[in-house]
Amino acid sequence: MDVVGTVRARLPLVVRRALAEPLLLTAAFGSILLATTAISALLLHAGSATQTGVRRALETAPLGATATVVTSSVTARDFTGVDRAVRAGIAHAHPEVPVRVTVRVESGSYALRGRARGDDQPVLTRFATYEGLDGRTDLVSGHWPAEGGPTAGAEATVEAALSEPASRAMRVSAGDEFTVVGRLDGAPVRVRVTGVFRLRDPGDPRWAGEDLLRYGTRTGDFTSRGPLVVPAGAFLGRFTTGDSARWLAEPDLRRLPPDRLRALSTSAAGVSADVRAGCPRCAVTETLSATLLRLDRGALTARSTMLVPVFQLLVLGAYALALTARLLAEHRRMETALLRSRGGGSPRLAALAAGEALLIALPCVPAAPFLAPVLLGLVSAFPWIEATGVRPPGAPDGATFAAAAAVALACAAMLAAPPLLAARRTYAEEQAARGRDDRPGLIQRAGADMALLVVAGLAVWRLRDQDAGVTARLGGELGLDPLIGAGPALALLSGGMAALRLVPAVAGVAERATRRRSGFSPVLAARQVSRRPARYSGPALLLTMAVAIGVMSLATAATWRGVQEDRARHLVGADLRVAAHAGDGTRTFTGLPGIVAAAPAHRVTVVANGGDATLIAMDATELGRVMLLRPDLSRLSPAGLAARLAGPPGETLRVVVTEGLADTVRITAGTATMPIEVVGVVAAMPGTPEGTPALLADLAALRAHGGQGGQGEQATQWPVTEWWLAAGGHDTTRAAAALAATGRETGEVTAVAALTRGLRDDPTAAGLQGALLLGFAAALAFAVLGFLVNAAVLARERRGEFAVLGALGVNFRQTLGLLAAEQSFVIGLAPAGGVALAVVVSAAVVPPMVSTAATGALPVLLHVPWAQVAALVAAVIAVLSVIVAGLARSLHRREPAAALRDGEAP
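Since the structure is predicted, the reported quantities are computational estimates derived from the model, not experimental observations.

## Concerning the overall build of the chain
Part 1 of the argument: For the chain, the count of helices and strands is 34 helices and 22 strands.
Part 2 of the argument: Looking at the 906 residues of the chain, the share that counts as buried comes to 48%.
Part 3 of the argument: Of all intrachain contacts in the chain linking residues separated by at least 6 positions in sequence, the fraction that spans at least 24 positions is 81%.
Part 4 of the argument: For the chain, the accessible area works out to roughly 40,300 Å², and carbon and sulfur atoms hold 58% of it.

## A closer look at the state of the cysteines
Part 1 of the argument: Tallied over the full model, the rule gives one disulfide.
Part 2 of the argument: The partner cysteine of Cys279 in its disulfide is Cys282, sulfur to sulfur 2.0 Å. Its S-S torsion of about 80° marks the bond between Cys279 and Cys282 as right-handed, since a negative value means left-handed. Taken individually, Cys279 and Cys282 each receive the classification buried, so the pair is uniform in this respect.

## What to know about the pattern of salt bridges
Part 1 of the argument: Counted under the stated rule, the structure contains 21 salt bridges.
Part 2 of the argument: Here Arg104 makes a salt bridge to Glu210, at a shortest N to O gap of 3.0 Å. Of this pair, Arg104 sits in strand β2 (residues 99-112) while Glu210 is found in the loop between β7 (188-199) and α6 (211-215), placing the two residues 106 residues apart along the sequence.
Part 3 of the argument: Here Arg104 falls in the buried class, since its relative accessible area comes to 12%.
Part 4 of the argument: When its relative accessible area of 5% is taken as the criterion, Glu210 is described as buried.
Part 5 of the argument: In this structure, Arg625 and Glu622 form a salt bridge, with 3.5 Å as the shortest nitrogen-oxygen distance. On the criterion of helical spacing, the pair formed by Arg625 and Glu622 is a turn pair, its members being three residues apart in helix α24 (residues 620-626).
Part 6 of the argument: Where salt bridges share partners, they join Glu159, Glu177, Arg190 and Arg192 into one cluster.

## A word on the nonpolar core
One recurring pattern in soluble globular proteins: nonpolar side chains tend to sit buried together.
Part 1 of the argument: Membership of the largest hydrophobic core comes to 101 residues, with the highest contact counts inside it found for Leu316, Leu492 and Leu543.
Part 2 of the argument: Those residues in contact with Leu316, other than ones at most four positions away along the chain, are Leu542, Met545, Ala546, Ile549, Ala779 and Phe782.
Part 3 of the argument: Phe79, Val86, Leu228 and Val230 belong to the second-largest nonpolar core, a separate cluster that totals 36 residues.

## Quick notes on the environment of Ala318
Part 1 of the argument: Within the secondary structure, Ala318 sits in helix α11 (residues 307-341).
Part 2 of the argument: With a relative accessible area of 23%, Ala318 lands in the partly exposed category.
Part 3 of the argument: A C-alpha to C-alpha distance of 9.1 Å links Ala318 and Ile32, two positions 286 residues apart in sequence.
Part 4 of the argument: What Ala318 contacts, discounting residues up to four positions off in sequence, is Leu313 and Met414.

## Remarks on the environment of Leu264
Part 1 of the argument: Relative to the assigned elements, Leu264 resides in helix α8 (residues 261-269).
Part 2 of the argument: Of the residues examined, Leu264 reaches a relative accessible area of 0% and is grouped as buried.
Part 3 of the argument: Separated by 167 residues in sequence, Leu264 and Val97 place their C-alpha atoms 8.7 Å apart.
Part 4 of the argument: Ignoring any residue separated from it by four or fewer positions in sequence, one finds Leu264 in contact with Ala93, His94, Pro95, Glu96, Val97, Leu253, Leu256 and Leu292.

## Topic: the pairing of strand β18 (residues 666-669)
Part 1 of the argument: Residues Ile667 and Ala669 of β18 are buried on one face, while the alternating residues Arg666 and Thr668, pointing to the opposite face, are not.
Part 2 of the argument: Bridge count for strand β15 (residues 595-608) against β18 is two bridges, and the pairing is antiparallel. If you follow Ala608 over to β18, its bridge partner there is Ile667.

## Some remarks on the side chain of Arg630
Part 1 of the argument: Tracing the backbone shows Arg630 in the loop between α24 and α25 (638-645).
Part 2 of the argument: Overall, the relative accessible area of 13% leaves Arg630 in the buried class.
Part 3 of the argument: Of the polar contacts made by the side chain of Arg630, one reaches the side chain of Asp566; its length is 3.0 Å.
Part 4 of the argument: Contact partners of Arg630, with chain neighbours within four places excluded, come to Asp566, Leu858, Pro859 and Leu861.

## Describing unusual backbone geometry
Part 1 of the argument: Geometrically, the link from Gly226 to Pro227 is a cis peptide bond, its omega value of 0° lying close to zero.
Part 2 of the argument: By secondary structure assignment, the location of Pro227 is in strand β9 (residues 223-229).
Part 3 of the argument: For Arg171, which is not glycine, the phi torsion reads 55° and is therefore positive.
Part 4 of the argument: For Arg171, the position within the fold is in the loop between α5 (164-170) and β6 (177-182).
Part 5 of the argument: Taking relative accessible area as the criterion, Arg171 reaches 74% and is therefore assigned exposed.
Part 6 of the argument: Look at His730: it is not a glycine, yet its phi comes out positive at around 60°.
Part 7 of the argument: Considering the arrangement of structural elements, one finds His730 in the loop between β21 (722-727) and α27 (733-741).

## Quick look at the packing of α8 against helix α10 (residues 288-305)
Each pair of packed helices can be summarised by the angle the axes make with each other and by the distance between the axes.
Part 1 of the argument: For the pair α8 and α10, interaxial distance at closest approach is 8 Å and the crossing angle is 160°. For the element pair α8 / α10, the angle class is roughly antiparallel. Classified by chirality, the crossing of α10 by α8 is left-handed. Contacts between α8 and α10 involve Leu261, Arg262, Leu264, Ser265, Ala268 and Ala269 on the former and, on the latter, Leu288, Ser289, Leu292, Leu293, Leu295, Asp296 and Leu300.
Part 2 of the argument: Partitioning the contact of α8 with α10 into residue classes produces nine nonpolar, two polar and two charged.

## Here we look at the side chain of Asp83
Part 1 of the argument: Of note, Asp83 is situated in helix α4 (residues 79-93).
Part 2 of the argument: Residues within four places of Asp83 in sequence aside, it is in contact with Val103 and Trp247.

## Topic: the packing of aromatic side chains
Part 1 of the argument: Taken as a whole, this structure holds five aromatic pairs when the rule is applied.
Part 2 of the argument: Ring plane angle 40° and centroid distance 5.1 Å describe the contact between Phe589 and Trp723, whose orientation is recorded as tilted. Of this pair, Phe589 sits in helix α23 (residues 586-590) while Trp723 sits in strand β21, placing them 134 residues apart in sequence. Neither residue differs from the other here; Phe589 and Trp723 are each classed as buried.

## Looking at a nonpolar patch on the surface
Part 1 of the argument: A cluster of nonpolar side chains, contributed by Leu358, Leu362 and Leu409, occupies part of the molecular surface with about 250 Å² of accessible area.
Part 2 of the argument: If you trace the backbone, Leu358 turns up in helix α12 (residues 346-361).

The rules behind these values
Residues numbered from 1 in each chain as written. Predicted model: local features only at pLDDT ≥ 70, side-chain atom pairs only at ≥ 80, totals over all residues. Heavy atoms only, no water. Helix = DSSP H or I, 4+ residues; strand = E, 2+ residues; numbered from the N terminus. Buried < 20%, exposed > 50% of the residue type's maximum accessible area, 1.4 Å probe, protein only. Contact = heavy atoms within 4.5 Å. Areas by Shrake-Rupley, 256 points an atom, 1.4 Å probe, with all protein chains shown as cover. Disulfide = S-S within 2.5 Å. Salt bridge = Lys/Arg side-chain N within 4 Å of Asp/Glu carboxyl O. Core = buried A, V, L, I, M, F, W, Y, C linked by side-chain atoms within 4.5 Å. Pairing = 2+ DSSP bridges. Polar contact = N/O pair within 3.5 Å; in protein donor to acceptor, adjacent residues only side chain to side chain. Axes fitted to C-alpha atoms, helices over the stretch in contact; angles between N-to-C directions. Parallel < 35°, antiparallel > 145°, perpendicular 65-115°, else oblique. Left-handed = near helix turned anticlockwise from the far one by under 90°. Nonpolar A, V, L, I, M, F, W, Y, C, P; charged D, E, K, R; others polar. Phe/Tyr/Trp six-rings, centres within 6.5 Å; stacked < 30°, edge-to-face > 60°. Patch = residues over 30% accessible without salt bridge, like charges linked within 9 Å, V, L, I, M, F, W, Y side chains within 5 Å.

Just distances and angles here, no functional claims.
The following block contains the structure:
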């Protein structure tokens, strides 16, 4: 005996059995390693993408969605105590993040002496102090008032600063002095203006509700100018009656761990109680708790959606491993029956099967977690994934090892199950059972595929529910809903298994059709498949599901891109939207490279049906050329809407409105009210965020109905605030560059292409694309591996048959034709069935999946990239055809005599 034989003889029986079947056990090892690696990578990717998305959302969250506002009346005597109590309450409610708190204190009203509009309607002003105002403004002239300026005495002059709009409205500048009179006590106050400042960003959310500071004038029952900004010390030392304070708390969420969202939401929700414990008269408005809860729920939903490819791979991997285990059990069933006949009991056989399965599966547990980051690195190299900022973890964590161990043990159980079932048969029973492979599978015999179809339908119905990504646990907490993630996988499996019922029928039809034909290969191939349909239905289902997963991945990615393009086009409203500058005209923009049309527009917030709405008035003659309106959002095209808006002038203004304003009869802009006539309704108005109430009118018609103004103010015409531009071929690259060269700021130019890139870079939503890409690659690998192993084993079992054919003079071309005709039931029918199955399932599940991951309220339309689908199918058929050709070459080269001797009975 040679050395190798000696060493092999000393190995344990379980190892010797494994070494005796290198092909099947290598395939089993490859399937388990692929499953553990791919699922570990998917779980790592889902966690990384979700955390990156949450961090970006926290970093970019608007102030209005995270700030806490506290208001209270104060006096000079109690301000310090109230301020301390408010800050302590806010800090207690935000234990995990730093919070910046600033306060504004405003005095009661003062009348501007000598600037009254009438005895009963004087022009008013107020004194105010703003913490940190100098850091968010620029001085136009003069200087800030000194903290130590004169404050005592009735005749002391108060130094104050004014905003630029207030300075213009009050017709004063730095160095001027004037007198104001208290409305409550009638005491005069002499004011010296030391400086004029300008807000760097009047639209900053922190100035919400501070209209007097932003615009310098506030009109209501009285007209107010100002405010007169003074230092905190001077304010508290002089103005003690009728004062109101407003605290603004801005939490810094950049370092908040994503797993602490719910905890901070709970504590932030208690800020009102914390503040009112020290200040009972304080009013508290907070938005942080709802924002964090929404982010946490969104992260759970996104993670649940990204479980879709995980479950798809679990189902596909389990089926691929089941095929390999079945082949292994069938190949060993005579050996197993002999062992049982010679005294091998069930415990002994079970130990052999379990030991062999563990011998193959356990090495994957330490290997898969380290291979997963490598696989993620390859996926992250794709440009659309790299742009999101999602980076694969550098090293696996304990959860990754736990997931790999769970998957490997499940695979080991599946690999050991068929031998254990086969171990119950005796040698005689196995002899009698040989050749009876034409029976349907156990699942189909039990009708479980129909039951699976019902469960899949329930899961898909749950997935279509917008709140289905999460489910309530005991105690009211939210968790992942596994049924949602399993929905597409179950739908694909049930559809594929239902299609398997057609394989015997198709094979029978093919056999009858080729029975009277003279061709060699079709007749034998149809006969072979008709006799043993189960041998071909397994790989067919595997390939059908793999192709379906690939097509679903392509459809999901295409639908995601379509959603972002549609949303960008809707938000911009045209190819390019530019803020208006003085002197702009049509020729200013039509002279830009690539621009073919330009329409002036006025945008303003009006009151309609008791709420705010956006009014866009545009030159109707150009509206049809520039407006981008998705066809499903309106029964009329932009040209049709323009024709209705540009009707003959009348007493009412013709408008197109969003659905919630269909019964509106009048609108109010400023203090001017005008009747309207609704001539069209759209689901969403281009140029506005989805869900925003909006109206569209002709600019000329709006101007013909008068100006806006009120209460003694001179009426003004509706100015052009923006220009909507259309570009040839929708290519705005050159035009945007030309506008940037003219000195236009970035925020003044909005282009569809730039906005689309920004929307696509969302990590949470793009994480779904990365997960589907991983699942797609792994699914194809499973399919190719399963097909290769099944074809190789089938050819090995039939080598005696092919040897006889070779001895009879069958050449290589005929051998290849025979194998190709047999495998055409798999190579031809499975891809076609996979595409059909994917289209049906995608229509049901892809729109809700993408809608859950994407932001915005536009309806999601399914996009199937047929060119990419055709390329995928062609690539799969080409790879499988190469495998068939290789097997045919291998079988034909083998000497018939040697093959026949191998097949002789001992």
